Amino acid sequence: MTGTRRWVAALFLLPALVLLGALVVYPIGYSIVRSLYDNSGDHFAGFDNYRALFTDDGIRTALKNNIIWVVFAPTVATALGLIFAVLTERVRWGTAFKLVVFMPMAISMLAAGIIFRLVYDQDPDKGVANAVWTGVHDTFAQSSAFPKAHPGRNSPLEPDHGGFVTTGPVHAGQAVALPLVGVAPDLMPDSAKKARQASAEPGRITGTTWQDFTRGKGVGRLGAVDPSELGYPGMKIEAVKDGKVVATAKAAADGTFTLPATADGAVLRLPASNFKEPYNGVDWLGPTLVTPAVIGAYVWMWAGFAMVLIAAGLAGVPRELLEAARVDGANEWQVFRRVTVPLLAPVLAVVAVTLMINVLKIFDLVFIIAPGSSQDDANVLALELYRKGFSEGRPGVASAIAVFLLVLVIPVMLFNMRRLRREVRR
């Protein structure tokens with residue numbers, strides 16, 4: 001019918017051709033032409049804008065990050081999708097698991113970016129990632145409860161390599177006072193009790209370390225234990241003689257401690273470990289980790305997409321081949337590696353190629369998650385295109401980046417088209 005009435009076919013194709021020309025062909029053609037002119041658009045600049053792609057530091061960083069994205073993001077997302085698809089085949093609640101993993105695909109990039117900006121927050125009280133990380137860290141290396149403590153006026157202590165040491169030696173039978181200030185009352189440990197003045201004991205060195213501060217003007221005695229003042233529970237005290245630690249003690253809840261006679265003639269040291277700042281987690285959005293952190297958010301969103309496509313391909317794998325391999329003595333790992341993965345190769349290629357095209361134009365997540373201080377380090381080509389065109393007023397360079405992105409996508413698209421044609425011939 002279309003052979004005798006070509007105008008009918010043309011009429012049906014016309015709306016699609018108009019839309020294709022207006023939304024695809026014209027923008028591509030205009031971008032190519034605009035990339036050959038200067039920023040004003042009045043003077044022909046030749047390939048000057050394209051030279052900037054390899055000389056501008058921001059664009060070179062973006063190109064490097066795009067390579068990292070193309071290599072790692074599709075690989076990790078595809079690998080996770082394959083693992084999830086294979087494992088969920090063997091569990092009764094596999095459908096529910098697939099639904100949960102696929103659910104992030106229903107969230108927009110904007111919403112996902114906001115979510116992960118909060119997840120990666122530096123404050124462990126806000127950011128989930130650092131809350132978990134600091135929880136694990138503090139399980140094995142507990143931080144001090146007295147990071148801000150320091151000697152007050154007329155103190156018998158002086159600074160020593162991050163800690164404090166007595167100004168002179170102490171002797172057996174002596175009761176030593178080690179007053180400190182600087183810890184807010186509401187930040188004192190819950191285990192702290194009212195400080196008690198240690199009594200001298202023959203053959204031993206006793207003492208008290210406490211918060212030498214009482215609220216109220218003119219209240220309390222400097223260097224003496226007052227009724228409302230609290231001890232420093234768990235404070236470590238070392239007796240150092242001739243540069244060697246000869247005895248150690250830990251303060252009780254009321255701040256009192258006791259050292260043996262071997263500490264006679266030593267100086268007392270409060271080591272730096274007593275005043276170590278609390279571990280504040282990892283700087284996920286700092287210059288070093290910002291790109292892997294954003295890639296992690298992308299994988300969270302797209303692993304479900306990979307899983308669904310791979311699971312669909314897995315459903316079409318002939319079970320007889322898998323059973324035959326098991327009968328021949330192959331274990332599950334060998335069946336997976338030698339049979340399942342080769343049979344799924346076409347599906348894995350579709351997923352990987354689709355994700356590669358997707359990450360080449362990634363913009364939203366990087367723009368939202370990376371803070372201003374590290375956005376230069378997380379920069380990608382699509383974000384740099386936006387910055388050059390709208391923030392820096394260099395539309396010529398922005399058009400050159402757009403054309404360069406198109407050139408990068410074309411080989412991947414051609415590969416995908418050739419693979420699809422081979423599939424059709426089969």
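For clarity, every value in this text was computed on a predicted model and none was experimentally measured.

Student: Whenever I open this one, the side chain of Asn 65 confuses me. Can you help?
Tutor: Within the fold, Asn 65 resides in helix α3 (residues 57-88). Residue class for Asn 65 comes out buried when judged on its relative accessible area of 2%. Here Asp 377 takes part through its backbone oxygen, which lies 2.9 Å from a polar atom of the side chain of Asn 65. When sequence neighbours within four positions are dropped, the list of residues in contact with Asn 65 reads Thr 291, Asp 377, Ala 378, Asn 379 and Val 380.

Student: What exactly am I supposed to notice about the packing of aromatic side chains here?
Tutor: Given two aromatic rings, their pairing is described by the distance between the two centres and the angle made by the two planes. For the structure shown, the criterion picks out 20 aromatic pairs. Here Trp 302 and Phe 305 contribute two aromatic rings whose centre-to-centre distance is 5.3 Å and whose plane-to-plane angle is 75°, an arrangement assigned as edge-to-face. In this pair, Trp 302 and Phe 305 are both assigned in helix α7 (residues 290-315), 3 residues apart and thus about one turn of the helix distant. Trp 302 sits in the buried class, given a relative accessible area of 14%. One aromatic cluster is present, built from ring pairs that chain together Phe 116, Tyr 120, Trp 133, Trp 284 and Trp 300.

Student: How do you make sense of the nonpolar core when you look at a structure like this?
Tutor: Across soluble globular proteins, nonpolar side chains show a tendency to be buried alongside one another. Among the nonpolar cores identified, the biggest contains 50 residues, and Trp 69, Tyr 120, Tyr 298, Ile 310, Leu 365 and Ile 369 are the most heavily contacted of them. Those elements giving two or more residues to this core turn out to be α3, α5 (109-119), α7, α8 (319-327), α9 (332-343), α10 (345-360) and α11 (364-369). No other element matches α7, which puts 16 residues into this core. Setting aside chain neighbours within four positions, we find Trp 69 in contact with Pro 74, Thr 291, Val 294, Ile 295, Tyr 298, Val 359, Ile 362, Val 366 and Val 380.

Cut-offs and rules
Residues numbered from 1 in each chain as written. Predicted model: local features only at pLDDT ≥ 70, side-chain atom pairs only at ≥ 80, totals over all residues. Heavy atoms only, no water. Helix = DSSP H or I, 4+ residues; strand = E, 2+ residues; numbered from the N terminus. Buried < 20%, exposed > 50% of the residue type's maximum accessible area, 1.4 Å probe, protein only. Polar contact = N/O pair within 3.5 Å; in protein donor to acceptor, adjacent residues only side chain to side chain. Contact = heavy atoms within 4.5 Å. Phe/Tyr/Trp six-rings, centres within 6.5 Å; stacked < 30°, edge-to-face > 60°. Core = buried A, V, L, I, M, F, W, Y, C linked by side-chain atoms within 4.5 Å.

Keep in mind these numbers describe shape, not what the thing actually does.
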